[in-house]
Amino acid sequence: MSEILRKQFLRHVAQTSPGPQLIEVARAEGVFFYTPEGKPYYDLVSGVSVNNVGHGNRAVVEAVQRQTADYMHIMVYGEMVERPQVEFARLLATTLPEPLDTVYFLNSGAEAVEGALKLAKRYTHRTEMISMRRAYHGSTHGAMSMMGEPEGEEWKNAFRPLLPDTKAINFNSFDDLEQITSRTACVLCEPVQGEAGVRVPQDGYLQALRKRCDEVGALLIFDEIQVGMGRTGEMFAMQKYGVTPDIVCLAKALGGGMPLGAFVSSQNIMSTLTHDPVLGHITTFGGHPVCCAAGLAAMKFLQEEKVVEDVERKGAMFVELLKDHPAVKEIRRSGLLMAVELGESSKLYRLMDFFIEDGILSDWFLYCDTAFRISPPLIITDDEIRNCAELIKKCLDRL
Ligand code: PLP
């Protein structure tokens, strides 16, 4: 495990100190980005599930330009009506299942998680907060406290004390649901675990989790920061798996490429943040009008162009093209979020070098460095999938 952490750390350091291994980006369009010399790269990371509508999406670019010209930051506390916020909140509320109709916009995924945890404590008057092993929810103190051990422990140990009264249970373990009790304020769960290397819920697991939370009066929080906005083949993963949480956290693709997060709940639950104290969560830039205009344009694009409807088919197409390669042990997938398992990290590191040479940007996962990521912009075409899979296979042949 520590080897993965060391490599992740080195990559982050590398980003701050230029070296020959870095790729300079000159521009990006659709599923590609280009170096100053014009070399194209297939983007199979999408900024970690951010660029669902593709790079340089015209609808988003125009919305940003329009809103920037109209106004940018005005005021945070709700005295002003800012049309992009209101319209985007309305679209989210009408698309999400009932009773998720009240949207609190913020800046990032971690902040959405912070807001959701605070809301759960405030609503239930309880303190225990449960997460899943191998979960990643962000890097602020609260979100880091919910990093599921054992993988998160190395990070957490360096920053203790973190939030008290937190613990992790095993994702997909029906037995572990017994650990959720009448002491529990909330259970925070990614409906598909992203950084664990794409772990999908077993049949009936999320339903059983929902039932247990209801039995003991704990709130169920879904972290759809990585899997929301069409990635799994439904606009929200909760729709794919048929379970509605009490609170959902959104970010990444929510802003259409701009920084935006949100936590969404029912009006009944959310209203507890409005009193004792009056401002239960405060953010200056959260719901920035330019970010909301971008997010609104991106979500309308996904709906109007029927992009999400085609995600499952495109994901299956990737699997069909890659699954029989001898180096591929397994492909774990939900929609267009895929982990292609090679079984050995040394192979994966070599593959990453071949990918870079041949014009592919992929990545491994925070808690899984034996599989590579395929999470392209959702607008990838069939021809692009075929060509990209050919390139991937050429690189796999070299292992
Ligand atoms: N939750 C999940 C599932 C994530 O994948 C991430 C980021 O990778 C976060 C939360 C944190 O989001 P942010 O980096 O915007 O704080």
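Going along each chain's sequence as written, the residues are numbered from 1 onward. Only residues with pLDDT of 70 or above have their local features reported here, since the model is predicted, and side-chain atom pairs are shown and tallied only from 80 upward, although totals for entire chains, interfaces and linings are computed over all residues. To obtain the side-chain values, all non-hydrogen atoms of the structure were used and water was disregarded.

## What to know about the sheet that holds strand β11 (residues 330–334)
The strands that make up a sheet pair up through hydrogen bonds in the backbone, lying either parallel or antiparallel.
Then, number 1: If DSSP finds at least two bridges between two strands, the strands pair. Put simply, DSSP marks the helices as runs of H or I at least four residues long and the strands as runs of E at least two long, and each gets a number from the N terminus on. Ordered by their spatial adjacency, 3 strands build an open sheet running β11-β12-β14, and the pairing between neighbours is antiparallel. Every other strand in the sheet has two partners, leaving β11 and β14 (371–374) as the edge strands with one partner each. In this sheet, adjacent strand axes meet at a mean angle of 20 degrees when their direction is disregarded.
Then, number 2: Of the pairings in the sheet, the one linking strand β12 (residues 337–341) to β14 comprises 4 bridges and is antiparallel in character. Within β14, the position partnered with Met338 by the bridge is Ile374.
Then, number 3: By the convention used here, residues are in contact when the closest approach between their heavy atoms is within 4.5 Å. A fitted line through C-alpha atoms serves as each axis, taken over the contacting stretch for helices, and the angle formed by two N-to-C directions is quoted from 0 to 180°. Lying over the sheet, helix α12 (residues 311–322) contacts β11, β12 and β14, oriented at roughly 175 degrees with respect to β11.

## What to know about the site of the ligand
Then, number 1: Think of it this way: one heavy atom of a residue within 4 Å of a molecule or strand is enough to make that residue near it. Near the ligand you find Ser108, Gly109, Ala110, Tyr136, His137, Gly138, Glu190, Asp223, Ile225, Gln226 and Lys252, and these make up its full shell.
Then, number 2: Definition of a polar contact: a pair of N or O atoms within 3.5 Å, with one able to donate and the other able to accept a hydrogen when the atoms are protein atoms, and with sequence-neighbouring residues admitted only if both atoms are side-chain atoms. Between the ligand and the protein, one listed contact pairs an oxygen atom with a backbone N or O atom of Gly109 at 2.8 Å.
Then, number 3: When residues are sorted by character, Ala, Val, Leu, Ile, Met, Phe, Trp, Tyr, Cys and Pro go into the nonpolar class, Asp, Glu, Lys and Arg into the charged class, and all the rest, Gly among them, into the polar class. Here the residues of the shell around the ligand are counted per class, giving 3 nonpolar, 5 polar and 3 charged.

## A word on the nonpolar core
Then, number 1: Nonpolar core, defined: a set of buried Ala, Val, Leu, Ile, Met, Phe, Trp, Tyr and Cys residues in which side-chain atoms within 4.5 Å join the residues together. A 1.4 Å probe rolled over the protein chains alone gives each residue an accessible area, and that area as a share of the maximum for its type sets the label: buried under 20%, exposed over 50%, partly exposed in between. Counting residues in each nonpolar core, the largest one holds 99 residues, and the members touching the most others are Leu92, Leu209, Phe372 and Ile392.
Then, number 2: The biggest single contributor to this core is helix α11 (residues 289–304), with 10 residues.
Then, number 3: With sequence-adjacent residues up to four places away left out, Ile392 is seen in contact with Leu44, Leu322, Phe355, Ile360, Phe372 and Ile374.
Then, number 4: In terms of nonpolar packing, the next biggest core, distinct from the first, is built from 23 residues, Ala110, Leu117, Ala143 and Met146 among them.

## Concerning the side chain of Asn52
Then, number 1: On the secondary structure map, Asn52 appears in the loop between α2 (46–49) and α3 (58–70).
Then, number 2: For Asn52, a relative accessible area of 1% puts it in the buried group.
Then, number 3: Among the polar contacts listed, one links the side chain of Asn52 to the backbone oxygen of Met229, at a separation of 2.8 Å.
Then, number 4: If we skip the residues at most four places from it in the chain, Asn52 touches Gly228, Met229, Arg231, Ala253, Pro377, Leu378 and Ile379.

## Things to note about the domain arrangement of the protein chain
Then, number 1: The domain limits used here are those given by an automatic or database domain assignment. On domain assignment, one finds that the protein chain holds domain 1 (3–52 + 307–397) and domain 2 (58–304).
Then, number 2: Inter-centroid distance (C-alpha atoms) of domain 1 to domain 2 is 26 Å.
Then, number 3: In this complex, domain 1 contributes 29 residues to the contact, which on the side of domain 2 involves 33 residues.
Then, number 4: The contact between domain 1 and domain 2 buries some 2500 Å² in all, and 60% of this surface belongs to carbon and sulfur atoms.
Then, number 5: Take a side-chain nitrogen of Lys or Arg and a carboxyl oxygen of Asp or Glu: if they are within 4 Å of each other, that pair is a salt bridge. Inspection of the domain 1/domain 2 interface yields 2 salt bridges. Buried area: the accessible surface (1.4 Å probe) lost by two parts on joining, summed over both.

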